[in-house]
Amino acid sequence: MLVILCTLFSSTFTFGQTYTESQGDIPDDLTYRHRLRQLERHEDAGWFASKKEDAKVDFDRYNEFFLNELLLSGDVLYGDDMTNYLNDIVDKLIASDRELRESIIVYTIKMDVPNAFMTADGHLFVSTGLLAQVQNETQLAFILAHEIGHFANNDVDREFDYNFEQSVRTTFGSKKSILSEYSYSKKLEESADEFATELLISSGAYNPENAIEIFDILLYSYLPFDEIEFNPHRLLPEGVSLPPTHIANEINEITAVDDYDDSESTHPNIKARREAYIDALLNAEFDKTVTESPLGVERFHAVQDIARKDVLRSDLIERDYSRAIYNAYVMTHRDSVVSPEIEAVIGYAIHAIAAYKVAGEYDEVAPDLEDVEGQSYGVNYFFEEISKLEATALAVSYNYALFKQFSDNSFIEMNYKESLKTLVVYFEKDHDDFIAAMDTTPVKDTLTDEEFEALSKLDKIRYKRELEGMGNQSWVSSVLHQFREDEQLIADFKTIRDASDESKSDYITINMSDIALSSSEIRNILNHEYALGINEAIVLAPSYIRLNEGKDNPLDIQETYYQRKHVSELMKYVFRQTRFQAHFLSPI
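Definitions and cut-offs
- Residues numbered from 1 in each chain as written.
- Predicted model: local features only at pLDDT ≥ 70, side-chain atom pairs only at ≥ 80, totals over all residues.
- Heavy atoms only, no water.
- Helix = DSSP H or I, 4+ residues; strand = E, 2+ residues; numbered from the N terminus.
- Buried < 20%, exposed > 50% of the residue type's maximum accessible area, 1.4 Å probe, protein only.
- Contact = heavy atoms within 4.5 Å.
- Areas by Shrake-Rupley, 256 points an atom, 1.4 Å probe, with all protein chains shown as cover.
- Core = buried A, V, L, I, M, F, W, Y, C linked by side-chain atoms within 4.5 Å.
- Expected span 1.5 Å × (residues − 1).
- Patch = residues over 30% accessible without salt bridge, like charges linked within 9 Å, V, L, I, M, F, W, Y side chains within 5 Å.
- Salt bridge = Lys/Arg side-chain N within 4 Å of Asp/Glu carboxyl O.
- Lys, Arg positive; Asp, Glu negative; His and termini not counted.
- Charge placed at Lys NZ, Arg CZ, Asp CG, Glu CD.
- Phe/Tyr/Trp six-rings, centres within 6.5 Å; stacked < 30°, edge-to-face > 60°.
- Pairing = 2+ DSSP bridges.

**Q** Describe the overall build of the chain, and please don't skip the residues or the numbers.
**A** Looking only at helices and strands, the chain has 24 helices and seven strands in total. Within the chain, buried positions represent 46% of all 588 residues. Across the chain, every contact between residues at least 6 apart in sequence was considered, and the portion connecting residues at least 24 apart equals 77%. Accessible area for the chain stands at about 29,500 Å²; split by element, carbon and sulfur atoms hold 47% of it.

This is how it looks when you write it as structure tokens:
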């Protein structure tokens, strides 16, 4: 078998299709050879400057290095619908300034953090997280104009501090840390806001009044896509009712305020920015008839849906399953047509939550309830309350219902069958355990407080369950009632039960725990017994990063650059020792 090892990759998590794919020829900026030349152009100048006046040279090298890491990360998109849309907005904003327009290259970056930033050489990056949050095209145009303002005003150089080590005192390698390379002082941020306001007005393409709420969008951007009350019955089959204890009676309030202390922030607070923006519009002349999204409402929503699907992908990759469910819930709440991709997100997230509950590790993926603000509290509360059996049965019910609708979707099929296997093998349950008709007969509270207190502990529990409409029946015993005569489901239960020879304890060990390679397995690999069934690989652009722990400036660019030229030789040696055939297509 042949596998391709590549450091130029995109994290892939598909639900039957790929949401965010680049299109067309790869721009020079995103080729490894071009980025390597960009680094090599500084080589002859010597690396770490010894004189204070040379610090700017080092600062530029760091920025170039971080830009290279970003452009080669596989998370930068080109030629796709989102990037084309962003380019069209920039065209409308600066159509009259050809030189400025030709200096700016716009890319979308797959990142759930709502942000946009401009580099010193004109690379404008907009995150899918930002596209997922804005309400209309005009708000997005303001953000783009703000970043264009930083470039036009040469803010990167203006902000340069000769004590540049502070700008790289961060955890290397993450996209979020790269954002810290492009932050500015309040004064420059205020100037960029002023530039953006003037550009919206002077372009004549937008009504700036339609962007007033962008400041509040930014204030609340840490929340999910929208604030919609979560009803957990949306996840259950029709006719199945949850006990009141599984439904949140109240939620945590949203704590963000617009008039916060901005003394430690690079931006003025939201209230000050909003007021300055409104003041600038009071005496300005502009066309108030221009719509919120001049390029079309349909196109805006189509682009936003792509971005939101990418954020869902990030939610799952980051194991933020509750947030993924709520964000997907928001998207399905707006759309009348069932989307297999969005429903599959919910199905997988329920399946994953159930698996973590079974493994006793749900706390690893669940946020603290006290930290969850707004309506998404409801989904977090629900999954906190349900048992591992309830979560697993719900995963089977939800995913099997999806599988009946979209039987050709292998991702949905996998979620259903993996959850079903847990139900049969780990819980030792059968089809008949989940097909009871739900008893929804209301039960009246006939006891006074004094009479209730006089009951025994067990009688209190029984009485409460009766009042909750449960009696002696749990809601989970009815989750497959609609499939009580479904031949395929019955057959799948039987197939798994007959085929499995794993005990309950074996199942949790084999399926829920990480498996480390033993010394004998390592020896087998060295003796041509390929554990992965792979004995040949193509290697593209191997990477190397050198960090000096304990230093203010952790990144050793000189050593990193040097070792990247030689790391392929080390890899070749290792491959030879393990009798692994490797074909290097890297230019280094």
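**Q** Could you give an account of the nonpolar core, naming the residues involved and the relevant values?
**A** Leu235, Tyr321, Ile325, Ile350, Phe383, Trp475 and Leu480 are the most contacted members of the largest nonpolar core, which totals 67 residues. If one sorts the elements of this core by residue count, helix 14 (residues 340–358) sits on top with twelve residues. Counting residues in hydrophobic clusters, the runner-up holds 46 residues, among them Val90, Ala141, Leu200 and Phe215.

**Q** Residues and numbers for helix 12 (residues 297–317), please.
**A** With 21 residues, helix 12 extends 30 Å from end C-alpha to end C-alpha; this agrees with the ideal 30 Å at 1.5 Å per step. Burial of helix 12 is extensive: 15 of the 21 residues sit out of reach of the surface. Positioned one or two residues after helix 12, arginine 319 has a phi angle of 60°, which is positive.

**Q** Can you tell me about a negative patch on the surface, naming the residues and giving the values?
**A** Taken together, the side chains of Glu361, Asp363, Glu364, Asp368, Glu370, Asp371, Glu384 and Glu385 make up a negatively charged region of the molecular surface. Residue position: aspartate 363 is located in the loop between helix 14 and helix 15 (377–385).

**Q** An account of the packing of aromatic side chains is requested, with residue identities and associated values reported.
**A** All told, the structure shown has 17 aromatic pairs when counted by the stated rule. Ring geometry for tyrosine 377 against tyrosine 381: centres 6.1 Å apart, planes inclined by 25°, an arrangement best described as stacked. Here tyrosine 377 and its partner tyrosine 381 are both found in helix 15, four residues apart, which amounts to about one turn of the helix. According to the relative accessible area criterion, tyrosine 381 is buried, its value standing at 18%. Here tyrosine 400 and tyrosine 416 contribute two aromatic rings whose centre-to-centre distance is 4.8 Å and whose plane-to-plane angle is 50°, an arrangement assigned as tilted.

**Q** Give me the pairing of strand 3 (residues 105–109): which residues, what numbers.
**A** Taken residue by residue, a regular strand's side chains alternate between the two faces of the sheet. Of all five residues that make up strand 3, four are buried, and the element is covered over most of its length. As judged from the two bridges shared by strand 2 (residues 76–77) and strand 3, these two strands associate in the antiparallel manner. Bridge pairing in strand 3 places valine 76 opposite isoleucine 109. The sheet contact formed by strand 3 and strand 5 (residues 123–127) spans five bridges and is parallel. Each residue of the ladder has a partner; that of isoleucine 109, found in strand 5, is serine 127.

In short, geometric facts, not functional conclusions.
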